[in-house]
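Now for the letters of each chain:
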Amino acid sequence: MIAESRGVCCGNWDTQPEPRVVGMRLRITERLKCCRGGTGEGGILCFRLSDTLWSYELPLPLGGFLPAGQMKSAGLRRSRARGQPADRGCGGWSNRGGGSIASQPKHTSMDAEVMFPCTVGQLQEILGGSGCPGAGALSEVTGVSIDSRTVRPGDVFFAMSGQKTHGMQFAAQAKAAGAACIVSNAALSGEVSAEQDFSGGGSAERHCPVLLVSEPIAALQTLARWNRRQSRAMVIGITGSVGKTTTRQMLHHVLTSELRGIQSPRNFNNELGVPLSMLELGAGDEVAVLEMGATRRGDIQFLCELANPGMGVVTRVAPCHLQSFGDLQAVRDTKQELVSSIPAQGMVFLNGDDELVRTMSQSAAAPVVFFGTGADIPRRFQSEECSAGRCSFRLGRDRYWFEGGRHLMHSAAAAVMVARSLGLTSRQISAGLAAFRPEAGRGAVVLREPWTVIDETYNSSPASVRACIEAMADWSGGRRVIVLGEMLELGEREADYHRDIAAMLAHSRIDLACFVGRFAKICVEAAMRSGFSGQRMLACERLEELAAILPDMLQVGDTVCLKGSRAMQMEQLIQALQRSTGNAVRAA
């Protein structure tokens, strides 16, 4: 491979570190950067070998990785000077301060541009719709918003239809905040009107064109597709019944310790959230980690058509949203839509310990990498130690640790495998993973005294509740207390799922169990039938009742984990515990 390249390169390859092949992609032993530039579908790939910056101009595949077989045809050349951009510029990184690439600060989405800029006139070409922007055609659009309270100068405000209100009711606020354009499907009236704004009348400061489209959400998705096509970032889609949010957060945390990139804000994982996430992609971003959720067949396939991911991760298939899916097989088939959407030059990462996920490999056109603990998994990880919310594991010869319970270990292993495939070293991955902290609602320790309180209140399903109960065994010093609210959207067998969870308590390390909601009494009955003492349980129908009782039931040194579906608002119990101690929240 090196011999084939010498004929087209300037400089002395013999004195440089030799490139190595990782998976199916060529990676350079030191920092590699992908940049936009060139003409047509071409681009500039910049990388650093020893003290010299090199670049080559060539058609770049999705994500900007150079397949090993293409290196012989690449036009390789040395940059003009050490630490300076290549001859034709490099949009993927900034070196304004001089020095080598290695000396540049790490980048995250916090300092990245939001979407690729366009003018209002170009926006109309992208979206179609009616109206003539007139004097506002040259105004620059640099971001998007669907909430008038978050509009920044240069944003396009998409006025969506809500259950009770329409976004056009807030168009005046968006205009006052500096919106460059408003996209709506409503009949316009009031201060922001089609006649006023498209005529170009009024002062330049108040001119805000309004573009009328058939459906604003479809227009938002169209703009997201356009923005995705401008970017050469590697998009990584993550889906699964449980674990997708934590996997996304861990992977983003690891990758952005070395690369510039974005992730889905919060749980922006549906037909509205994914486009909004994609519109945060800017010219400097190299990776985008997007969460993909679903409530019916075809949802994830549609999201993949929007985002065009080059890598996909499936965490697990478990009972979730069964009220809309009907059965577990439908859940599995929907999650598989991500696997089927990854192109042959991409990569798929599957939880090899979940048989329903494992069988998805049959639908993959891309190479498949399994992560898990099974003996038949080539790169299996081995759990080493879990204690008081801190876990470690080994993957090959490398040891990693993270903050969180053992139920997050598959998420951590997935993050490691994906980061390795993107060329990060074990040391870089280890440092990024060690810096990760669970967020509120997803495993964060929010109180340390007089009790340890673990916040798992964001959502709940049978699989995630089982994982929390098992993870409680790793805490010691006082009693282990589990507080469980209802698990919703489980369809006709919802009562049976609650009974099954309660029955496992007899074989767990839980010392005290509290149930709240419609199924509280049947949970107590099922737990007692399985052998769990009735003196170690409490049942309340209403959250307010439990909030008044729970603080008095706890003893100093207890570890308390609270879990329930979003609609249960279990975080109110955490607030009650905080009020009872008079202490502020203490992050882990």
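Going by the structure above, here's the rest.
Residues numbered from 1 in each chain as written. Predicted model: local features only at pLDDT ≥ 70, side-chain atom pairs only at ≥ 80, totals over all residues. Heavy atoms only, no water.

K.L.:
Quick rundown of the overall build of the protein chain? Include the residues and the values.
P.N.:
Looking only at helices and strands, one finds 18 helices and 27 strands in the protein chain. By the burial criterion, 55% of the 588 residues in the protein chain qualify as buried. Of the roughly 24,600 Å² of accessible surface on the protein chain, 48% is carried by carbon and sulfur atoms. (Helix = DSSP H or I, 4+ residues; strand = E, 2+ residues; numbered from the N terminus. Buried < 20%, exposed > 50% of the residue type's maximum accessible area, 1.4 Å probe, protein only. Areas by Shrake-Rupley, 256 points an atom, 1.4 Å probe, with all protein chains shown as cover.)

K.L.:
Tell me what's going on with the sheet that holds strand β26 (residues 537–540), and back it up with residues and numbers.
P.N.:
One open sheet accounts for 6 strands, arranged β22-β23-β27-β24-β25-β26; its pairing is mixed. Unpaired on one side and paired on the other, β22 (444–447) and β26 mark the two borders of the sheet. The mean inter-strand angle of the sheet, taken between neighbouring strand axes irrespective of direction, is 20°. The pairing of strand β25 (residues 512–516) with β26 spans 4 bridges and is classified as parallel. For F515, the partnering residue across the bridge sits in β26 and is A539. (Pairing = 2+ DSSP bridges. Axes fitted to C-alpha atoms, helices over the stretch in contact; angles between N-to-C directions.)

K.L.:
Describe the pattern of salt bridges, and please don't skip the residues or the numbers.
P.N.:
Summed over the entire model, instances satisfying the criterion amount to 22 salt bridges. Between D299 and R296 there is a salt bridge whose closest N-O contact spans 3.6 Å. D299 gets classed as buried once you look at its relative accessible area, which sits at 16%. Two residues, R358 and D376, come together in a salt bridge whose shortest N-O distance is 2.6 Å. Of this pair, R358 sits in helix α11 (residues 355–358) while D376 sits in the loop between β18 (368–371) and β19 (381–387), placing them 18 residues apart in sequence. (Salt bridge = Lys/Arg side-chain N within 4 Å of Asp/Glu carboxyl O.)

K.L.:
Run through unusual backbone geometry, naming residues and quoting values.
P.N.:
In this chain, E449 is followed by P450 through a cis amide linkage whose omega measures -5°. Mapping P450 onto the fold places it in the loop between β22 and β23 (452–456). Non-glycine residue Q569 carries a positive phi angle of around 55°. Q569 gets classed as partly exposed once you look at its relative accessible area, which sits at 39%.

K.L.:
Run through the state of the cysteines, naming residues and quoting values.
P.N.:
Two cysteines whose sulfur atoms are joined by a covalent bond form what is called a disulfide. Tallied over the full model, the rule gives 1 disulfide. Between the sulfur atoms of C386 and its disulfide mate C391 the distance is 2.4 Å. The sign of the S-S torsion, about 125°, decides the handedness of the disulfide formed by C386 and C391: right-handed. In terms of burial, C386 and C391 fall into one category: buried. (Disulfide = S-S within 2.5 Å.)

K.L.:
For the environment of G178, give the residues involved together with the corresponding values.
P.N.:
With respect to the secondary-structure elements, G178 resides in the loop between α3 (171–176) and β11 (181–184). With 29 residues separating them along the chain, G178 and H207 place their C-alpha atoms 9.6 Å apart. For G178, the residues in contact, after removing those within four places along its chain, are R152, P153, G154 and D155. (Contact = heavy atoms within 4.5 Å.)

K.L.:
So, the environment of C523: which residues are in play, and what are the values?
P.N.:
Within the secondary structure, C523 is located in helix α16 (residues 520–529). When its relative accessible area of 5% is taken as the criterion, C523 is described as buried. The spatial distance from the C-alpha of C523 to the C-alpha of D500 is 8.5 Å, given a sequence separation of 23 residues. If near-sequence neighbours (up to four positions away) are discounted, C523 is found in contact with H498, A502 and F515.

K.L.:
Residue-level account of the nonpolar core, with values.
P.N.:
Counting residues in hydrophobic clusters, the biggest one holds 84 residues, and the most contacted among them are V156, F158, L223, L505 and F515. Examining the composition of this core, we find that 6 residues originate from one element, α16, more than from any other. Among residues more than four places away in sequence, those in contact with F515 are L484, A502, L505, A520, C523, V524, M537, L538, A539 and C540. (Core = buried A, V, L, I, M, F, W, Y, C linked by side-chain atoms within 4.5 Å.)

K.L.:
Talk me through helix α5 (residues 216–230); I want residue IDs and the actual numbers.
P.N.:
The terminal C-alpha atoms of α5, which comprises 15 residues, lie 21 Å apart, in line with the 21 Å expected from a rise of 1.5 Å per residue. Taken together, the buried positions of α5 are occupied by P216, A219, L220, Q221, L223, A224, W226, N227 and R228. (Expected span 1.5 Å × (residues − 1).)

K.L.:
Help me get a handle on the pairing of β23, residues and values and all.
P.N.:
Most of β23 sits inside the fold, with 5 of its 5 residues counted as buried. Burial along β23 is two-sided: T452, I454 and E456 facing one way and V453 and D455 facing the other are all buried. In terms of strand pairing, β22 meets β23 through 3 bridges, oriented antiparallel. When the bridges of β23 are listed, V445 appears paired with I454. Here 5 bridges tie β23 to strand β27 (residues 559–563), and the two strands are oriented parallel to one another. When the bridges of β27 are listed, T452 appears paired with T559.

K.L.:
Please provide a residue-by-residue account of the pairing of strand β15 (residues 287–291), values included.
P.N.:
For a regular strand, side-chain orientation follows a simple rule: the groups alternate between the two sheet faces. Of all 5 residues that make up β15, 5 are buried, and the element is covered over most of its length. Side chains of β15 alternate between two faces, with V287, V289 and E291 and A288 and L290 buried alike. Inspection of the sheet shows strand β13 (residues 234–239) paired to β15 by 5 bridges, in the parallel sense. Looking at the pairing, M234 lines up with V287 of β15. Both strand β14 (residues 261–263) and β15 contribute to a ladder of 3 bridges, which runs parallel. Counted as the bridge partner of I262 is A288 from β15. Taking the sense of rotation as the criterion, the β-α-β connection linking β14, helix α7 (residues 273–278) and β15 turns out right-handed. (Right-handed = clockwise from strand over helix to strand, strands pointing away.)

K.L.:
So what about the sheet that holds strand β17 (residues 347–351)? Which residues, and what values?
P.N.:
In space, the 6 strands of this open sheet follow the order β14-β15-β13-β16-β17-β18, with parallel pairing throughout. Because the sheet does not close on itself, it has two edges, and the strands there are β14 and β18. Across the sheet, the axes of successive neighbouring strands diverge by a mean angle of 15°, strand direction being ignored. Strand direction decides the pairing type here: β17 and β18, joined by 4 bridges, are parallel. Paired with N351 across the two strands is F371, which belongs to β18. Where helix α10 (residues 328–341) meets the sheet, it contacts β13, β16 (311–314) and β17, and its direction lies at approximately 155° from that of β16.

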